[in-house]
Amino acid sequence: MTLPVSQMISVEEARERILQLIDRMPSYLTPIDEALGQVLANKVIAPFDIPPLDNTAMDGYAVRASDTQGADTHHPVRLKVIADLAAGYIAEQEVGENEAIRIMTGAAIPKGADAIVPFEETDEQSQKLPEKGKLQTHVNILKAANKDANIRFRGEDIREKQTVLEDGRMIRASEIGVLASIGLTKIEIFRKPVIAILSTGDEIVTPGEKRNPGQIYDANTQMLAALVKQFGGIPLVLGIAKDTVEDLTLKLRSGFNADMIVTSAGVSRGDFDVVKDVLANEGVIDFWTVRMKPGKPLAFGTFHTATGKTIPHLGLPGNPVSSMVAFELFGRPALYKMQGRSDWERPVIQAITQDKIVNTDGRRFFARCIVSKNANGTLIASLTGPQGSGILTSMSAANGLTIIPEETPHVEPGEPINVMMLDWEQKLF
Ligand code: AMP
Ligand code: MG
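Presented here is a report on the structure given in the accompanying data block. Computed from a prediction, not measured in an experiment: that's the story for all the values here. (Residues numbered from 1 in each chain as written. Chains lettered and ligands numbered in written order. Predicted model: local features only at pLDDT ≥ 70, side-chain atom pairs only at ≥ 80, totals over all residues. Heavy atoms only, no water.)

1. A look at helix α3 (residues 220-230)
As a reminder, the rule being used: Working definition: with a 1.4 Å probe on protein chains only, accessible area under 20% of the residue-type maximum means buried, over 50% means exposed, and in between means partly exposed. Here a helix means four or more residues in a row that DSSP labels H or I, a strand means two or more in a row labelled E, and each is numbered from the N terminus. Whether two residues are in contact is decided by their heavy atoms, any of which lying within 4.5 Å being enough.
Listing the buried residues of α3 in full gives Asn-220, Thr-221, Met-223, Leu-224, Ala-225, Leu-227 and Val-228. Buried positions along α3 lie against β13 (194-200), β16 (234-241), β17 (260-264), β21 (310-316) and α6 (320-338). Trailing α3 by a residue or two, Gly-232 shows a phi angle of about 95 degrees, which is positive.

Now the structure itself:
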């Protein structure tokens, strides 16, 4: 087979080329309580005002503000109580001059009233209340009310026909609340992509199975499946393929129902790896050398199935740290795009490095680090120990990745560096 000429490309170029070939999933109608974490495919229009009527923000008395002018504790204004109104009901009576309606939070403002005096500003507490179910005949107002006081106005949250949520919005608990508030039961969202995950290599053994000397347990499959789940996809584990054309072809094709296939290992210059040949046989796959560390070798392209389907393929390096960092930089954006999301960029902060970081081979260095605040409130970045791409514990201890530029051969302790925060979901600044 002939491999395309491998070329050193930047992280950005690799990501752009990947995203170009990634499509959004089709959308479908789903109950809003099943939409958490998924993305709206259509904008949502308000069918009516929220709140639907002017209503009270406090328990108290609905009054005419002008009746209460001059009221204070020494000169209370005495109003006649003509009704008691619970939330959910509309008053039949109109509040006339020197009258009040006792009212509960959320109840519609009665006709005639233009302010709510909260209980605390009346003598209700000190009055001997009539027996339950009966209303006291009068109330003393102890403080003058301004017009509109404690009134929530019709439409002050959402206006009829207004766009409540734009398409592309991720559904969080607050969006579910907003959708419920306009009475919606179903929304159109993008389907979760199914991501097939295949590990390759004769030396790789599934955890739980017998491991011979010279073999290692498969860290990548379950790690990548967890990442897929964490970022909104559905993992489809294909298992481990031996380094033979037959096994690899068979296992790979078992993932042809998925929306994307992620493989790990076999994309570097290993003599015994047949991965490249098989990948190239099944579609159009490019093998790249990305200007980054860890995770230099990367394969990307599309498989073409016998049924005429095209499936994007991301071929990650085998070393678990490289695999995870490459998934973070390329897999996560792809997964987001499939879900209709574009907010894959992580927040990048500036921190002071505690360590000397050497970076002499012209690649962008994503070293694993832990960012913390020191006593002065300064953000400090410390490397999580040895940075070999097989040292997965360096990733487990980290909350961020340094971004040491390609052209920076070293940074000294005390110098500021950029760090991409892994545990923060969204770009904030
Ligand atoms: P390769 O790209 O096949 O040369 O693999 C690079 C390194 O990653 C080798 O040391 C492999 O043993 C290791 N490796 C590959 N796949 C896995 C895996 N699924 N879990 C843990 N280590 C792996
Ligand atoms: Mg291998």
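Additional details are given in the paragraphs that follow.
2. Here we look at the packing of aromatic side chains
Put simply, the rule reads: Working definition: rings of Phe, Tyr and Trp (its six-membered ring) pair if their centres are within 6.5 Å, and the pair is stacked with planes under 30 degrees apart, edge-to-face with planes over 60 apart, and tilted otherwise. Lysine and arginine charges are scored as sitting over a ring when NZ or CZ, respectively, is within 6 Å of the ring centre and within 35 degrees of the ring normal.
Scanning all chains against the criterion turns up four aromatic pairs. Look at Phe-231 and Tyr-336: their rings are 6.2 Å apart centre to centre, the planes differ by 70 degrees, and that puts the pair in the edge-to-face class. Here Tyr-336 lies in helix α6 and Phe-231 lies in the loop between α3 and β16, a separation of 105 residues in the sequence. When the ring of Phe-256 is compared with that of Phe-303, the centres are 5.8 Å apart and the planes differ by 35 degrees; the resulting orientation is tilted. Here Phe-256, found in the loop between α4 (245-253) and β17, pairs with Phe-303, found in strand β20 (residues 297-304); they are 47 residues apart in sequence, far enough to count as distant. Across the pair, Phe-303 and Phe-256 agree in class, each one buried. When the ring centre of Phe-365 is taken as reference, the NZ or CZ atom of Lys-293 above it lies at 4.5 Å.

3. Examining the sheet that holds strand β9 (residues 138-141)
How we decide: When DSSP finds two or more bridges between two strands, those strands count as paired. Only the contacting stretch of a helix is used when fitting its axis, a line to C-alpha atoms as for every element, and angles between N-to-C directions run 0 to 180 degrees.
On the basis of which strands lie adjacent, the open sheet formed by five strands has the order β8-β5-β7-β6-β9 and mixed pairing. Of all strands in the sheet, those bounded by a partner on one side alone are β8 (115-118) and β9. Across the sheet, the mean angle from the axis of one strand to that of its neighbour is 40 degrees, orientation sign disregarded. Sheet topology note: the strand β5 (residues 60-63)/strand β7 (residues 99-103) ladder contains three bridges and is antiparallel. Note that in β7 the partner of Ala-62 across the bridge is Ile-101.

4. Some thoughts on the site of ligand 1
This is how it is decided: The cutoff for a nearby residue is simple: one of its non-hydrogen atoms must lie within 4 Å of the molecule or strand. Counting of polar contacts relies on pairs of N or O atoms within 3.5 Å, with two restrictions inside protein: one atom must be capable of donating a hydrogen and the other of accepting it, and residues adjacent in sequence are counted only when both atoms are side-chain atoms. We get accessible surface area from the Shrake-Rupley algorithm with a probe of 1.4 Å; when it comes to residues, only the shown protein chains can shield them. Think of a 1 Å grid over the protein atoms and nothing else: a 1.4 Å probe that fits but is trapped marks a cavity, an open set flanked by protein within 12 Å on at least five of seven lines marks a pocket, and residues with an atom within 4 Å of a point count as lining. To qualify as sitting in a cavity or pocket, a molecule needs more than half of its atoms within 2 Å of the grid points. Gly is placed with the polar residues, together with every amino acid not listed as nonpolar (Ala, Val, Leu, Ile, Met, Phe, Trp, Tyr, Cys and Pro) or charged (Asp, Glu, Lys and Arg).
Close to ligand 1 lie 15 residues; Glu-203, Asp-218, Ala-219, Gly-266 and Asn-319 are nearest. Measuring from a nitrogen atom of ligand 1, one finds a side-chain N or O atom of Ser-199 at 3.4 Å. Starting from 490 Å² of accessible surface for ligand 1 in isolation, the protein chains cover 80%. The site holding ligand 1 turns out to be the largest pocket. A breakdown of the residues in the shell around ligand 1 according to their chemical character gives six nonpolar, six polar and three charged.

5. Topic: the packing of α4 against helix α5 (residues 275-282)
The following threshold applies: Angles are sorted into four bins: roughly parallel if under 35 degrees, roughly antiparallel if over 145, roughly perpendicular if 65 to 115, and oblique for all others. Handedness of a helix crossing follows the sense of rotation of the near helix relative to the far helix, less than a right angle counterclockwise being left-handed and clockwise being right-handed.
Closest axis-to-axis distance for the α4/α5 pair is 10 Å, and the angle between their directions is 50 degrees. Taken together, the axes of α4 and α5 lie oblique to each other. Between α4 and α5 lies a crossing of right-handed hand. Contacts from Val-245, Leu-248, Thr-249, Leu-252 and Arg-253 of α4 reach α5 at Val-275, Val-278, Leu-279 and Glu-282. Class assignment of the residues belonging to the contact of α4 with α5 gives a composition of six nonpolar, one polar and two charged.

6. Some details on the packing of helix α1 (residues 11-20) against α6
α6 packs onto α1 with a crossing angle of 30 degrees between their chain directions and a minimal axis gap of 10 Å. Regarding the angle of α1 to α6, the classification is roughly parallel. Considering how the two elements wind past one another, α1 and α6 form a crossing that is right-handed. The segment α1 lies against α6, with Val-11, Ala-14, Arg-15, Ile-18 and Leu-19 engaging Leu-329, Phe-330, Pro-333, Ala-334 and Lys-337. Its residues assigned to classes, the contact of α1 with α6 shows eight nonpolar, no polar and two charged.

7. A word on the side chain of Thr-249
Counting through the fold element by element, Thr-249 comes out in helix α4. Contact partners of Thr-249, with chain neighbours within four places excluded, come to Val-278 and Glu-282.

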